[in-house]
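In case you want the letters, here they are:
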Amino acid sequence: MKFWGTSEGKRGRLSDHRLFGDCCPPASLSFFQTPRRIPYDEAVGQEFRPAKVGDSFGPTWETCWFKVELSIPQAWAGQEVHFVWESDGEGMVWRDGQPVQGLTKEGEKTSYILTSSLKESEPHSLTLYVELACNGLFGAGKGSMIAPPDPDRRFTLSKAELVIFNRDVYELLVDLEILLDMAQLLGEENQRSFQALYTANQMVNMCDVTDPSTFPAARDLAAAIFSQRNGKSQHTIHAVGHCHIDSAWLWPYEETIRKCARSWVTVVRLMERNPELTFACSQPRLISIQEFVAKEQFIPVGGTWVEMDGNLPSGESMVRQFLQGQLFFQEQFGRICSEFWLPDTFGYSAQLPQLMRGCGIRRFLTQKLSWNLVNTFPHHTFFWEGIDGSRVLTHFPPGDSYGMHGRVEEILKTVKNNKDKGCVNHSALLFGFGDGGGGPTQKMLDRMKRMSDTDGLPRVQISTPDRLFSVLEKESSQLCTWVGELFLELHNGTYTTQAQIKKGNRECERILHDVEVLSTLAVARGSAFQYPASQLQRLWRLLLLNQFHDVLPGSCIQLVVEDALQYYTGEQGLWLGGHVPIGQQGNVGAEPLCFPALVTVPSMGYAIVREPLLPPQPVAVRKQVSTTAVVLRSVCPASKSVPDGCYANQFALFDDVPLYWDAWDVMDYHLETRKPVTMLLKPLEITLAGGLRGSASFSLQIGKSSTLTQEIILDATCPYLRFLTQVEWKEAHKFLKVEFPVQVRSTNATYEIQFGHLQRPTHWNTSWDWARFEVWAHKWLDLSEHGFGVALLNDCKYGASAHGNILSLSLLRAPKSPDATADIAHHQFTYAVMPHLGSFQDAGVIQCAYNMNFPLHAVPASSAQCPAWSAFSVSSPAVVLETVKQASPRGRTVVVRLYEAHGSTVVAWLQTSLPVKEAMLCDLLERPAAQGSLPLEQRGMRLSFTPFRVLSILLLPPA
């Protein structure tokens, strides 16, 4: 194609030599370096020393402040003048004490516009400061993006100068780019491709690169073809500016603050020059732009505190993500979000639709399922139905990205790839650099302006999420419905990686639950105790922060892991471990209040009791021949749980070498490398022979360098056998699991999720089944046939599987990127096996899992101070009383949250001894429901549940 070659070659020469005109260096360039991230006022007061282009700075995570003194030549009058800065690090330009422009070469932002037309009255001499972070847009990986950071990396300043920017050349280049892309991508069967190519060739022939006066006529040719309009049936793309910023990932939490500043300042400058620009921003902890929110340019979306992991947080944690996020949006911007925005999370729980609806959200956007390794998800616009029947309108941007650049190729892909374009004629395109920040650029906007309504291309309009979903709602009558979880067929190693973060999450969820219950009951008892609302909010927000989708899943660098564990355990953190006495002022560790024992019995509510919970029943433990074999008849004598020739509690070690995403992925081929762990270090010995508890212990060698010690514990009247496990883990690219082959046949296993459970197949009949070789669960999973089953319980694990008759719990991984030290540590955790007669519901598996995760708190108190009393009771074993807390911000009003756990329709009566004047249903944002008043009857409050329904109740005290 002769014309194509000619056009491309001339465009290249025009770009290389004519985009920038004259240039001049700074009058002076000096710098100051610090290991801290310091504010502007402190930085400018430091002593600066000379620097020059070509110098390198570092090491990684240091900060360099540059003082740049500029003198614009008088001869540049009337010209557009830019300050150009190119370096390997991320920069921020400060002018007159204010941040004005982010500079990141990887984000195609290397210049700051000083003036669009230099006037005599404008200052020709000025001083700028550049704050340079010694890290790139994606951290500082050594050799690859996700490799552990190189601590000794240096960052080179390659350009710092004043230049004349030739705007007419720039506009001509964008015209040619669009035309040439149309010519190449529309295809020979489309006459518009030939028209675009012919026009581009005419433009090149008309232009004299040495004579800018020839450019306008060439641009007129482009304008003529761009102004040829589409027909009425053409697809409309709703383009929304976007900048996905990970709260922490390949950089620490602190650096994210500066990433946000660089990105938001850049977006604001773009909005000033392009009033039509809209920009969607989630995660309220990252937002501080109110003026442009009021103008409906800066659009808060998401509704949650952070873009959390969609699998591992508890149901209550997910509620608090929405509660804290929506409260922030309401307080700061006067409205809550109507779209749930979670584009980069590793799968989505089937309980999310109900939680969204309960928080005022009926719309959902993500794109992550385009990453599926095995199956292509069949829809881009559809209704998503959760386990309770709640539905939300869901849209996956068909371009399969949240970081588009506005190119012709992306626009065409958005339509071609759309699997629902027969039902709906609108879709989203999110444009802007993301993950590490950056956001939209002027060139992205200028590309899409040319494609706003150009024959042969989809219509592209700068839009908002609300406009998109509003039109999708009008077109939704023929949309399909997807029922159940949105399972990502990738990144299922994140259910196990960084076990200490996951243990901290589970433990702190428990601690905050208990503190809220105890504090609420203390206030209700009429003591002088004040509910620690502000402290609890701060602690919840720390926990919610750590549930970000690269922190809780464990796919982050070592610095982030250290920060996360500090949030759990440090003075400013969540007090990991131990019981939680609450002082008169709500301080952990102060003199305890009067609670002899708080009994967490989910199906029966909360009771203060004084007598022993379990009657004495002797336990006998006998030594087994095999180290890892466990006979379960003492727990469930009516049935044999383990098939002949098989061993329960069998540890197995697997090679674990993913294709690329080391901390993220476990590949199916790891199953071919299974090696049973059989090397005995310390033989089984009985440690407690009988009485109320019996136990035995042993030690094993695991792999080359690791050891495991386990105590097997059977308590009187306890229906499950506990395995208290300690591991010194020093492996590399290994995966440790524990397996329980059971005498049960079923095509489905049941897994606990947030506020309920779901079933997944135990076979690999289809590719959809096989892709779920490693799945997630919360406190339990169960395999049952009619009349009998076996459950596995745990106190801090999430990865699991059930294939055939083998239940497996994933214990530890050992990835080396992005954290080379991931999981190399001492680990302690407990799991349990529970054979049972009948269904898992009737056998109390759910209650037992709660009891194992929420142990009793025994606090000394005299009988005179604290008589026995029952705070709450629920009449149905199918209903779990999950949460008791004070309403926010309703003073002494109490919020009680319950859910139906068995998958049944049931009426339950809630009784309380708390003083209650009025009771009413509310949503998850604690707003009273219309016609939600609950009569206070003798039996309590009558509550109607359908399967897995979550109900929240406001209990108003007497005046």
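Here the structure is a predicted model, which is why all the values come from computation and not from measurement. (Residues numbered from 1 in each chain as written. Predicted model: local features only at pLDDT ≥ 70, side-chain atom pairs only at ≥ 80, totals over all residues. Heavy atoms only, no water.)

Let us now look at the overall build of the protein chain. Of regular secondary structure, the protein chain possesses 18 helices and 48 strands. Counting over 959 residues, the protein chain shows a buried share of 60%. A fraction of 74% describes how many contacts in the protein chain between residues 6 or more apart in sequence connect residues 24 or more apart. (Helix = DSSP H or I, 4+ residues; strand = E, 2+ residues; numbered from the N terminus. Buried < 20%, exposed > 50% of the residue type's maximum accessible area, 1.4 Å probe, protein only. Contact = heavy atoms within 4.5 Å.)

Taken in spatial order, the 5 strands line up as β42-β43-β48-β45-β46 in an open sheet, and their pairing is antiparallel. Of all strands in the sheet, those with a lone pairing partner are β42 (879-886) and β46 (928-934), marking the two edges. Neighbour to neighbour, the strand axes of the sheet diverge by 30° on average, direction disregarded. Strand contacts of helix α8 (residues 315-333): β42 and β43 (894-900), with the helix running at about 40° to β42, the strand carrying the most contacts. Sheet strands touched by helix α13 (residues 499-524): β42 and β43. Its angle to β42, the strand with the most contacts, is close to 65°. (Pairing = 2+ DSSP bridges. Axes fitted to C-alpha atoms, helices over the stretch in contact; angles between N-to-C directions.)

The next point concerns the pairing of strand β24 (residues 650-655). On a regular strand, one side chain projects to one face of the sheet and the next to the other, so that they alternate. For β24, a buried count of 5 out of 6 residues is recorded, marking the element as mostly surrounded by other parts of the structure. In this structure, β24 lies alongside strand β30 (residues 734-741), joined through 6 bridges in antiparallel fashion. Across the sheet, the residue bridging to Leu-653 is Leu-736, located in β30. The sheet contact formed by β24 and strand β25 (residues 675-676) spans 2 bridges and is antiparallel. Paired with Leu-653 across the bridge in β25 is Lys-675.

Together, Leu-373, Val-374, Leu-671, Trp-764 and Trp-770 make up an exposed nonpolar region whose accessible area comes to about 410 Å². Within the secondary structure, Leu-671 is located in the loop between β24 and β25. (Patch = residues over 30% accessible without salt bridge, like charges linked within 9 Å, V, L, I, M, F, W, Y side chains within 5 Å. Areas by Shrake-Rupley, 256 points an atom, 1.4 Å probe, with all protein chains shown as cover. Salt bridge = Lys/Arg side-chain N within 4 Å of Asp/Glu carboxyl O.)

What follows is about the pattern of salt bridges. Two side chains bearing opposite charge may form a pair once their charged atoms approach each other closely. Taken as a whole and assessed by the stated rule, the structure comprises 42 salt bridges. The closest approach of N and O atoms between Arg-262 and Glu-255, which form a salt bridge, is 2.9 Å. There is no split in this pair, since Arg-262 and Glu-255 are both buried. Notably, a salt bridge pairs Asp-655 with Lys-675, separated by 3.8 Å at the nearest N-O pair. On the criterion of sequence distance, the pair formed by Asp-655 in strand β24 and Lys-675 in strand β25 is long-range, its members being 20 residues apart. In the salt-bridge network here, residues are joined through shared partners; they are Arg-37, Glu-90, Glu-131, Glu-254, Glu-255, Arg-258, Lys-259 and Arg-262.

Our next topic: the sheet that holds strand β15 (residues 339-341). Where strands meet in a sheet, backbone hydrogen bonds hold them as pairs that are either parallel or antiparallel. In space, the 5 strands of this open sheet follow the order β15-β16-β18-β17-β21, with mixed pairing throughout. One side of each edge strand has no neighbouring strand; the edge strands of this open sheet are β15 and β21 (481-483). With strand direction ignored, the average angle separating the axes of adjacent strands in the sheet is 30°.

With that out of the way, let us pick up unusual backbone geometry. Between Gly-58 and the following residue, Pro-59, the backbone shows a cis peptide bond with an omega angle of 5°. Cis geometry is found at the peptide bond from Ser-817 to Pro-818, where omega equals 5°. Looking at the secondary structure, you find Pro-818 in the loop between β37 (806-813) and β38 (825-837). Positive phi is not limited to glycine here, since Asp-435 has a value of about 75°. Within the secondary structure, Asp-435 sits in the loop between β19 (426-431) and α11 (442-450). For Asp-435, a relative accessible area of 16% gives the class buried. Backbone geometry at Phe-755 places phi at a positive 55°, although glycine is not the residue there. Its place among the elements puts Phe-755 in the loop between β31 (748-753) and β32 (756-761).

What follows deals with the environment of Glu-161. Tracing the backbone shows Glu-161 in strand β11 (residues 155-165). Counting along the chain gives 108 residues from Glu-161 to Val-53, while the straight-line C-alpha distance between them is 9.3 Å. In this structure, Glu-161 is in contact with Cys-23, Cys-24, Pro-25, Pro-26, His-82, Phe-83 and Val-84, ignoring residues within four places of it in sequence.

Close contact between helix α3 (residues 167-185) and helix α4 (residues 191-206) brings their axes to 7 Å; oriented N to C, the two are set at 145°. Between α3 and α4 the crossing geometry is left-handed. Here Leu-172, Asp-175, Leu-176, Leu-179, Leu-180, Met-182 and Ala-183 of α3 lie close against α4, whose contacting residues are Arg-192, Ser-193, Ala-196, Leu-197, Thr-199, Ala-200, Met-203 and Val-204. Here the residues of the contact of α3 with α4 are counted per class, giving 11 nonpolar, 2 polar and 2 charged. (Left-handed = near helix turned anticlockwise from the far one by under 90°. Nonpolar A, V, L, I, M, F, W, Y, C, P; charged D, E, K, R; others polar.)

Moving on, we come to α11. Listed as buried for α11 are Met-444, Leu-445, Asp-446, Arg-447, Met-448 and Arg-450. Of the surrounding elements, those touching the buried residues of α11 are α3, α5 (215-226), β12 (236-242), α6 (253-273), β19 and β20 (459-462).

The next subject is the nonpolar core. Looking at soluble globular proteins, one finds that nonpolar side chains tend to be buried together. Within the largest apolar cluster, 195 residues are counted, with the highest numbers of intra-cluster contacts made by Trp-384, Leu-486, Phe-651, Leu-736, Phe-740 and Leu-793. In terms of residues, this core owes the most to one element, α3, which gives 11 residues. Dropping the residues within four chain positions of it, Leu-793 is found in contact with Tyr-720, Lys-779, Trp-780, Tyr-831, Ala-832, Val-845, Cys-848, Ala-849 and Met-852. Core analysis: the next-biggest nonpolar cluster, separate from the first, contains 31 residues, Val-81, Leu-118, Phe-155 and Ala-160 among them. (Core = buried A, V, L, I, M, F, W, Y, C linked by side-chain atoms within 4.5 Å.)

Counted under the stated rule, the structure contains 0 disulfides. With no disulfide partner, Cys-134 has as its closest neighbouring cysteine sulfur the one in Cys-64, 4.3 Å distant. (Disulfide = S-S within 2.5 Å.)

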